[in-house]
Amino acid sequence: MSWRTVVISKRCKLDLKMGFMIVRSEEISRIFLDEIAILILENPAVSMTTVLLNALVERKVRVVFCDERHLPLAELVPYSAHYSSPSRLQEQISWDVDRKGMVWTAIIAEKLARQAEFMEDLGLLRETELIRSYLDSLEIFDPTHREAHAAKVYFNALFGKDFSRSDDNVLNSALNYGYAVILAAVSREIAAGGYSAQLGLCHRGAFNAFNLSSDLMEPFRVLVDREVVALSPAAFGTEEKHSLAAILEREVLIDDSRQTALNAIRIYVRSVFDALHAGNASLVKSWHPV
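Residues numbered from 1 in each chain as written. Predicted model: local features only at pLDDT ≥ 70, side-chain atom pairs only at ≥ 80, totals over all residues. Heavy atoms only, no water.

Undergrad: Would you mind going over the overall build of the protein with me for this structure?
TA: Across its full length, the protein holds 10 helices and 11 strands. With the principal axes as the frame, the protein shows a C-alpha extent of 55 × 50 × 40 Å. Each of the 290 residues in the protein was classed as buried or not, and the buried ones make up 50%. For the protein, the share of sequence-separated contacts (at least 6 apart) that also reach a separation of at least 24 residues comes to 63%. As displayed, the protein offers around 14100 Å² of accessible surface, 52% of which is attributable to carbon and sulfur atoms. Taken as two groups, the 32 positive and 38 negative side-chain charges of the protein have centres that lie 5 Å from each other. (Helix = DSSP H or I, 4+ residues; strand = E, 2+ residues; numbered from the N terminus. Buried < 20%, exposed > 50% of the residue type's maximum accessible area, 1.4 Å probe, protein only. Contact = heavy atoms within 4.5 Å. Areas by Shrake-Rupley, 256 points an atom, 1.4 Å probe, with all protein chains shown as cover. Lys, Arg positive; Asp, Glu negative; His and termini not counted. Charge placed at Lys NZ, Arg CZ, Asp CG, Glu CD.)

Undergrad: Looking at this model, I keep getting lost on the sheet that holds strand β11 (residues 287–289). Mind explaining?
TA: Backbone-to-backbone hydrogen bonds join strands into a sheet, with any given pair of strands oriented parallel or antiparallel. Read across the sheet, 3 strands follow the order β10-β9-β11 without closing on themselves; strand pairing throughout is antiparallel. Each of the sheet's edge strands pairs with one partner strand only, and the pair in question is β10 (257–260) and β11. Averaged over all neighbouring strand pairs, the angle between strand axes comes to 45°, with direction disregarded. Pairing of strand β9 (residues 251–254) with β11 involves 3 bridges; the strand directions are antiparallel. Bridged to Ile 254 within β11 is Trp 287. Sitting on the sheet, helix α10 (residues 261–278) is in contact with β9 and β10, with an inclination near 110° to β10. (Pairing = 2+ DSSP bridges. Axes fitted to C-alpha atoms, helices over the stretch in contact; angles between N-to-C directions.)

Undergrad: How do you make sense of the pattern of salt bridges when you look at a structure like this?
TA: Pairing of side chains with opposite charge becomes possible as their charged atoms draw close. For the structure shown, the criterion picks out 18 salt bridges. Note that Asp 34 is salt-bridged to Arg 59, the shortest N-O span being 2.8 Å. Of this pair, Asp 34 sits in the loop between β4 (28–32) and β5 (36–41) while Arg 59 sits in the loop between α1 (50–58) and β7 (62–66); the two residues are 25 residues apart in sequence, bridging distant segments of the chain. The class for Arg 59 is partly exposed, based on a relative accessible area of 31%. (Salt bridge = Lys/Arg side-chain N within 4 Å of Asp/Glu carboxyl O.)

Undergrad: Where do I start with the packing of helix α4 (residues 125–136) against helix α5 (residues 146–159) in this structure?
TA: The description of two helices packed together rests on the angle between their axes and the distance between the axes. At a closest axis distance of 9 Å, the pairing of α4 and α5 adopts a crossing angle of 165°. When the axis of α4 is compared with that of α5, the two are roughly antiparallel. Helix-helix and strand crossings are classified by hand; for α4 and α5 the assignment is left-handed. Each of Glu 127, Leu 130, Ile 131 and Tyr 134 in α4 lies in contact with α5, whose residues at this interface are Arg 146, His 149, Ala 150, Val 153, Tyr 154 and Ala 157. Looking at the contact of α4 with α5 residue by residue, the classes come out as 7 nonpolar, 1 polar and 2 charged. (Parallel < 35°, antiparallel > 145°, perpendicular 65-115°, else oblique. Left-handed = near helix turned anticlockwise from the far one by under 90°. Nonpolar A, V, L, I, M, F, W, Y, C, P; charged D, E, K, R; others polar.)

Undergrad: I tried to follow the environment of Lys 285 on my own but got confused; where do I start?
TA: Here Lys 285 shows up in the loop between α10 and β11. When its relative accessible area of 29% is taken as the criterion, Lys 285 is described as partly exposed. Along the primary structure Lys 285 and Val 272 are separated by 13 residues, whereas in three dimensions their C-alpha atoms are 7.6 Å apart. In this view, Lys 285 contacts Ile 254, Asp 255, Ile 267, Tyr 268 and Ser 271; residues no more than four positions away in its chain are not counted.

Undergrad: Would you mind going over empty space enclosed by the protein with me for this structure?
TA: The method is simple in principle: a probe with the dimensions of a water molecule rolls over the atoms, and the space it marks as empty is what remains. In this structure the tally under the stated criterion is 1 cavity of 30 Å³ or more. Around the largest cavity sit 11 residues that line it, and Lys 60, Val 61, Arg 62, Pro 78 and Ala 191 are the ones nearest its centre. Elements with a contribution of two residues or more to the lining of the largest cavity: α1 and α6 (170–192). It is α6 that contributes the most residues to the lining of the largest cavity, 3 residues altogether. By residue class, the composition of the lining of the largest cavity is 8 nonpolar, no polar and 3 charged. (1 Å grid on protein atoms, 1.4 Å probe; cavity = no way out; pocket = protein on both sides within 12 Å on 5 of 7 lines; lining within 4 Å. Points joined across faces, edges and corners; volume = space filled by probe spheres on them.)

Undergrad: How should I be thinking about the environment of Lys 13 in this particular structure?
TA: Summarising the element assignment, Lys 13 is placed in strand β2 (residues 13–17). Classification of Lys 13 as partly exposed rests on a relative accessible area of 40%. Between the alpha carbons of Lys 13 and Ala 45 there is a distance of 8.7 Å; along the sequence they are 32 residues apart. Sequence-distant contacts of Lys 13, defined by excluding residues within four places in its chain, comprise Ile 22, Val 23, Arg 24, Ser 47 and Thr 49.

Undergrad: In this structure, what is going on with the side chain of Glu 117? I would like to understand it.
TA: Following the sequence through the fold, Glu 117 ends up in helix α3 (residues 97–121). By relative accessible area, which is 18% here, Glu 117 ends up buried. A polar atom in the side chain of Glu 117 sits 3.0 Å from the side chain of Arg 114. (Polar contact = N/O pair within 3.5 Å; in protein donor to acceptor, adjacent residues only side chain to side chain.)

Undergrad: Would you mind showing me how to read the nonpolar core here?
TA: Soluble globular proteins: nonpolar side chains tend toward being buried together. With 68 residues, the main nonpolar core has Ile 40, Ile 182, Ile 190, Leu 201, Leu 216, Tyr 268 and Phe 273 as its most contacted residues. The biggest single contributor to this core is α6, with 11 residues. The contacts of Leu 201, once residues within four sequence positions are left out, are Trp 95, Lys 100, Val 103, Trp 104, Ile 107, Phe 141, Leu 212, Asp 215, Leu 216 and Leu 276. Counting residues in each nonpolar core, the second largest holds 18 residues, with Val 6, Met 21, Val 23 and Val 46 among its members. (Core = buried A, V, L, I, M, F, W, Y, C linked by side-chain atoms within 4.5 Å.)

As structure tokens, then:
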């Protein structure tokens, strides 16, 4: 089972040999392809062979390309990642609004619960109670914007009242990088299940190829938030990026067992599809920090 997040930071050439990704730079190293879950190419000067790209797609490895600022820019998206993709796509199109609304709202409830849990861990009791009050008043598709109100309380508590997610600063660079790692992991599981990441439950961005991924990743954003708060970065460099990329190897609790975050995302995404198939939002599984 693939489990590694591999980050390529230096100028190099990548190719394939006997089931290994060969990394050719000042030195030559190799990585067993079947171990790789996500490959992040941080340096735009990295070159790779088509035969390696094909092998990565066949193994359902999520490949993330970064720009000249070393921030995630795009992903390699296969045309088909599952033998039953056409039938799964028809199933996905047939999900009615009520079913999508129930499941999406359950997902957002999980996100708010994890945010409140983090606030409590930090000893921020007022913010904990506020977010839990928003959770208690959450309605289908959140017409009263409880999620947005909770986000304001949450981020102000973490990073100060002057903080905004739209600012160009170190904190947002770190958050965005970590969220891209989570997005890639969720997208990988959606594709592995034969579904389309483009057709969301609530997200409907015309130019967003990952609307469904953006919906499903919401409860796992808190993993990134916890890491960024722990790092408290004064700058956003290689060390911080590697710490964020390693999030998927951290252990969490899900389904009454300790799992890596990557395995937890796999279990969770499958539970979301089970919930959509059955029309039962209670099937969406929760994760908790260890």
